[in-house]
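Understanding the architecture of this molecule
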Amino acid sequence: MTVEHQDSACVIFTEHATPSGMKIGYATLNAEKSLNALSLEMIRLLDARLRQWADDPQLACVVLQGAGEKAFCAGGDVRKLREAILAHEGPAAIPFASEYFAEEYRLDYRIHTYAKPILLWGSGIVMGGGLGLMAGASHRVVTETSRIAMPEITIGLYPDVGGSWFLPRMPGRLGLFLALTGAPLNAHDAQVVNLADWFVRSEDKLAIFAGLANIDWQADPAHNHGLLSKLLRGFAQHAASHLPASQVRAHFDTIQHVTNGDSLAEVCEQITRHASDDAWMQRAAKSLAVGSPTSAALSWEIWRRSRLLGLADVFRMEWTLSVQCCAHPDFREGVRALLVDKDNAPRWTPATLAEVSREWIDGHFVVPADTVHPLADL
């Protein structure tokens, strides 16, 4: 085993040799106190190492995990983004946001298109930027402790990091419902909406990692995908009886009903006024009711625009949207209310859905003036 880190490193990289002569590369997000929130430094380190491992003929498989038991990754470093916005109001705030989102989405795109198998250990909290890392991995593992969510509507953003790609590809209109409500998902839910491939018990982690070391890895990435699936399949069979009940599956028909509308206003009214004594549905309706009207309108428009877009085009669109969100008021206000002052009393601009104009939303899709798109080469 080779280890390349210091105790203070925000990402720990290790390489484990196997009897076949091939290696497994482990990347561990190492910011346990912040629930492994994804910083720009983490993004750069991960992207550089994935590029290196892609070119290493002896590297057979990559494992992505988070330090500690509480979270794989609770999201992007939105506090830092807000600080940059406040320090440089207006267009001057765009450079840091441009850099952060461009490098984050490039990393996410790399994971989606990576030839070698990537096992992502999605135990604990997986939100925002963490879900961006998870969504594109070839072998997405969840456990009984997995808590997955895209609650961007509560901070004046929208489900980015590829959400514009994977949400419309979920069954029915589940993706639209999740974008508008930020409803949380458990491991079973994640499988239903195709955000996870394997459910295993968290206590089997060490045994699974030990099993990785004993696989007869080959030089052929396609063959190695099958070898990893075979290992995980055995542990998943043992864990099947521990799979939690799926809220998404239980409420599928209701979700289809409340999201069946010709306008955003109609759908929002149907969701928020739906009479339900179920706590999960009530929480979803409340999140929409108190969330950013601009975020809801963006999610609705993204749903309309992104269905026929390719993956690279989705990330290019999201970069423009995210940079524009940083130049508009709701993102910094949402982060303030939820994560900084924690008063949970955001003052949205515009304050109501009725005040959100077509021009306001269309402006979010416009590439900032005099800007060369940083993801043009994807």
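As shown above, the structure is provided for reference.
Here's what I pulled together on the structure shown here. (Residues numbered from 1 in each chain as written. Predicted model: local features only at pLDDT ≥ 70, side-chain atom pairs only at ≥ 80, totals over all residues. Heavy atoms only, no water.)

1. Notes on the overall build of the protein chain
Counting its secondary structure elements, the protein chain contains 17 helices and 10 strands. Relative to the compact-globule value of 21 Å for 378 residues, the protein chain shows a C-alpha radius of gyration of 21 Å, a close match. Overall, the C-alpha framework of the protein chain stretches about 65 × 50 × 40 Å when taken along its three principal axes. Considering only intrachain contacts with a sequence separation of at least 6, the fraction spanning at least 24 residues in the protein chain is 73%. Surface summary for the protein chain: the accessible area is close to 16,000 Å², and the carbon and sulfur share equals 52%. (Helix = DSSP H or I, 4+ residues; strand = E, 2+ residues; numbered from the N terminus. Rg over C-alpha atoms; globule rule 2.2 N^0.38 Å. Contact = heavy atoms within 4.5 Å. Areas by Shrake-Rupley, 256 points an atom, 1.4 Å probe, with all protein chains shown as cover.)

2. Some words on the packing of helix α8 (residues 205-213) against helix α9 (residues 221-239)
Axis separation between α8 and α9 bottoms out at 11 Å; the angle between their running directions is 150°. One element, α8, and the other, α9, form an angle in the roughly antiparallel class. At the point where α8 passes α9, the crossing takes the right-handed sense. Across the interface between the two elements, A207, I208, G211 and L212 of α8 pack against L228, L231, L232 and F235 of α9. Each residue belonging to the contact of α8 with α9 can be placed in one class, and the counts come to 7 nonpolar, 1 polar and no charged. (Axes fitted to C-alpha atoms, helices over the stretch in contact; angles between N-to-C directions. Parallel < 35°, antiparallel > 145°, perpendicular 65-115°, else oblique. Left-handed = near helix turned anticlockwise from the far one by under 90°. Nonpolar A, V, L, I, M, F, W, Y, C, P; charged D, E, K, R; others polar.)

3. Here's the deal with the packing of helix α1 (residues 40-54) against helix α3 (residues 94-112)
Packing of α1 against α3 leaves a shortest axis separation of 10 Å and a crossing angle of 35°. Here α1 runs over α3; the crossing is left-handed. In this structure, α1 uses L40, I43, R44, L46, D47, L50 and R51 to contact α3, whose residues at the interface are F96, E99, Y100, E103, E104, R106, L107, R110 and I111. Taken together, the residues that form the contact of α1 with α3 break down as 8 nonpolar, no polar and 8 charged.

4. A word on helix α14 (residues 293-305)
Helix length check: α14 (13 residues) gives 18 Å between terminal C-alpha atoms against 18 Å at 1.5 Å per residue, within 8%. Within α14, 10 of the 13 residues are buried, which leaves it mostly tucked inside the rest of the structure. The residue sitting at the N-terminus of α14 and contributing the capping side-chain oxygen is S292; that oxygen lies 3.3 Å from the backbone nitrogen of T294. (Expected span 1.5 Å × (residues − 1). Buried < 20%, exposed > 50% of the residue type's maximum accessible area, 1.4 Å probe, protein only. Polar contact = N/O pair within 3.5 Å; in protein donor to acceptor, adjacent residues only side chain to side chain.)

5. Examining the sheet that holds strand β5 (residues 71-73)
Pairing in this open sheet of 3 strands is parallel, and the strands run β5-β7-β9 from one edge to the other. Of all strands in the sheet, those bounded by a partner on one side alone are β5 and β9 (147-149). Ignoring which end each strand starts from, the neighbouring axes of this sheet average 15° apart. Pairing of β5 with strand β7 (residues 125-127), which is carried by 2 bridges, proceeds in the parallel orientation. Opposite A71, over in β7, you have I125 as the bridge partner. (Pairing = 2+ DSSP bridges.)

6. Here we look at helix α13 (residues 279-290)
The end-to-end C-alpha separation of α13 is 16 Å, in line with the 16 Å expected for 12 residues at 1.5 Å each. W280, M281, A284, A285, S287 and L288 are the residues of α13 that are buried. Burial along α13 is one-sided: seen end-on, the buried residues are contained in an arc of 160°. What points out from α13, more than 90 degrees from its buried face, is the exposed set A279, R283, K286 and A289. On its buried side, α13 packs onto α6 (174-181), α10 (247-250), α11 (252-258), α12 (264-273) and α14. Structurally, the start of α13 carries an N-cap: the backbone nitrogen of W280 is 3.0 Å from a side-chain oxygen of D278. (Arc of directions from axis to C-beta.)

7. Digging into the environment of R316
In this fold, R316 is placed in helix α15 (residues 311-327). Those residues in contact with R316 that sit more than four places away from it in its chain are H373, L375, A376 and L378. Of note is the side chain of R316, whose polar atom sits 2.9 Å from the side chain of D313.

8. What to know about the pairing of strand β4 (residues 59-66)
It is a general feature of regular strands that their side chains alternate between the two faces of the sheet. Burial analysis of β4 places 8 of its 8 residues in the buried class, the great majority of the element. Pairing of strand β3 (residues 23-29) with β4, which is carried by 7 bridges, proceeds in the parallel orientation. Across the sheet, Y26 pairs through a bridge with V63, a residue of β4. What joins β3 to β4 is α1, and the crossover it makes is right-handed. Here 3 bridges tie β4 to strand β6 (residues 118-121), and the two strands are oriented parallel to one another. What sits directly across from V62, in β6, is I118. (Right-handed = clockwise from strand over helix to strand, strands pointing away.)

9. Concerning the packing of aromatic side chains
Applying the stated criterion across every chain yields a total of 9 aromatic pairs. Taking 5.9 Å as the distance between ring centres and 35° as the angle between the ring planes, the aromatic pair formed by Y105 and F315 counts as tilted. Within this pair, whereas Y105 is found in helix α3, its partner F315 is found in helix α15, the two being separated by 210 residues in sequence. By the burial criterion, Y105 is buried, and F315 matches it. Both rings, one in F177 and one in W280, keep their centres 6.0 Å apart while their planes meet at 35°; by these two values the pair is tilted. Pair noted here: F177 is in helix α6 and W280 is in helix α13, with a separation of 103 residues, a long-range link. As far as the burial class goes, F177 and W280 line up, both buried. The structure contains a cluster of three or more aromatic residues connected by ring pairs, namely F96, Y100, F101, Y105, Y109 and F315. (Phe/Tyr/Trp six-rings, centres within 6.5 Å; stacked < 30°, edge-to-face > 60°.)

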